[in-house]
Amino acid sequence: MKNCIITGGSSGIGFDMATQFIEKGYRVIVLDIKDCANKEVTYIHTDISDAVSVANAFKAIKEQFQTAHILINDAAIASHKKALVDSDAAEFDLILDTNLRGAYLCCKEFINLNKGESYGRIINISSTRFHQNEANCELYGMSKGGLISLTNSLCISLTGTPITVNAISPGWICTANYDELDFDDHKMHPSNRVGKPRDISNVCLFLAEEENDFINGANIIVDGGMTKKMIY
């Protein structure tokens, strides 16, 4: 059985990922600061922005399961929206430490844990906001842009290992109250609908397959075609 670590797997897209990976026969370990309602996962309370907390989580994984095969860096703070001049260094640290530093810490621990295996996957969940944004979302946008750079560099650094490193950049993914979306919400997308968590989980499952090891260093945009739309 392959072991899949999902950060931020207690809610939103990460919760759906955990559910789908379990259905496909993976053992799922969720690292999250929030309790996980899915009792089929192995849940480890983890503050991914804290190096000690992350190290302890991976130590527990090694003690219980010896190894891990897949790391999905999904945990993030996505709700911050404030003008740059009104934000402060503490807010910068909170967003970057969670969204980017956490991925760095988990990648570091995962690479060590995966040593000796013939197969490994790192999947970083970025966002289309790494290159398209709206006003006052600089901190979130830069954190997601950093994940793309991490993906690009780590793919090269891990040459000669079995680990592939890819990113997924979701567009608008509705994680609650999908039925409350209106006609205009859906029609603004070339695919004629707003995204669902399953749309991201499907790509993760595809990248996790052993035979898909020639996809490496990619950033797969999953946004219903929205970033192809020219809006004046």
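Residues numbered from 1 in each chain as written. Predicted model: local features only at pLDDT ≥ 70, side-chain atom pairs only at ≥ 80, totals over all residues. Heavy atoms only, no water.

Caption draft 1: Looking closely at the packing of helix 2 (residues 51-65) against helix 3 (residues 89-114). Two numbers describe how helix 2 lies on helix 3: the axes approach to 10 Å, and their chain directions differ by 30°. By the angle between their directions, the pair helix 2 and helix 3 is classed as roughly parallel. As helix 2 runs across helix 3, the sense of the crossing is right-handed. Seen from helix 2, the contacting residues are Ala51, Val54, Ala55, Phe58, Ile61 and Lys62; seen from helix 3, they are Arg101, Leu105, Cys106, Glu109, Phe110 and Leu113. Taken together, the residues that form the contact of helix 2 with helix 3 break down as 9 nonpolar, no polar and 3 charged. (Axes fitted to C-alpha atoms, helices over the stretch in contact; angles between N-to-C directions. Helix = DSSP H or I, 4+ residues; strand = E, 2+ residues; numbered from the N terminus. Parallel < 35°, antiparallel > 145°, perpendicular 65-115°, else oblique. Left-handed = near helix turned anticlockwise from the far one by under 90°. Contact = heavy atoms within 4.5 Å. Nonpolar A, V, L, I, M, F, W, Y, C, P; charged D, E, K, R; others polar.)

Caption draft 2: The arrangement of the pairing of strand 1 (residues 3-7) in detail. Strand 1 sits mainly inside the fold: 5 of its 5 residues count as buried. Side-chain alternation along strand 1 places Asn3, Ile5 and Thr7 on one buried face and Cys4 and Ile6 on a second face that is also buried. Here 5 bridges tie strand 1 to strand 2 (residues 27-32), and the two strands are oriented parallel to one another. Across the sheet, the residue bridging to Ile6 is Val30, located in strand 2. Where strand 1 lies against strand 4 (residues 70-73), 4 bridges are found, and the strand directions are parallel. The partner of Thr7 across the bridge, within strand 4, is Asn73. (Buried < 20%, exposed > 50% of the residue type's maximum accessible area, 1.4 Å probe, protein only. Pairing = 2+ DSSP bridges.)

Caption draft 3: Broad picture of empty space enclosed by the protein. Evaluated as defined, the whole model comprises 1 cavity of 30 Å³ or more. Taken as a whole, the largest cavity encloses approximately 40 Å³ of empty space. Surrounding the largest cavity, Thr7, Ile48, Asn73, Asp74, Ala75, Thr98, Asn99, Ala103, Ile125, Lys144 and Leu147 form its lining. Ranked by residues supplied to the lining of the largest cavity, first place goes to helix 3 with 3 residues. (1 Å grid on protein atoms, 1.4 Å probe; cavity = no way out; pocket = protein on both sides within 12 Å on 5 of 7 lines; lining within 4 Å. Points joined across faces, edges and corners; volume = space filled by probe spheres on them.)

Caption draft 4: Fine view of the sheet that holds strand 1. Read across the sheet, 7 strands follow the order 3-2-1-4-5-6-7 without closing on themselves; strand pairing throughout is parallel. The open sheet terminates on both sides in strands that have one partner only, identified here as strand 3 (42-45) and strand 7 (219-222). For this sheet the average axis-to-axis angle between neighbouring strands, irrespective of direction, equals 20°.

Caption draft 5: Inspection of the environment of Phe206 at higher detail. With respect to the element layout, Phe206 can be found in helix 6 (residues 197-208). Along the primary structure Phe206 and Met1 are separated by 205 residues, whereas in three dimensions their C-alpha atoms are 17 Å apart. Discounting residues that sit within four places of it in the chain, Phe206 has contacts with Asn212 and Ile215.

Caption draft 6: Here's a closer look at helix 4 (residues 138-157). Here helix 4 contains 20 residues, and its C-alpha end-to-end distance of 28 Å stays within 8% of the 28 Å for a straight helix at 1.5 Å per residue. Where helix 4 is concerned, the buried positions are Leu139, Tyr140, Gly141, Ser143, Lys144, Gly146, Leu147, Ile148, Thr151, Leu154 and Cys155. (Expected span 1.5 Å × (residues − 1).)

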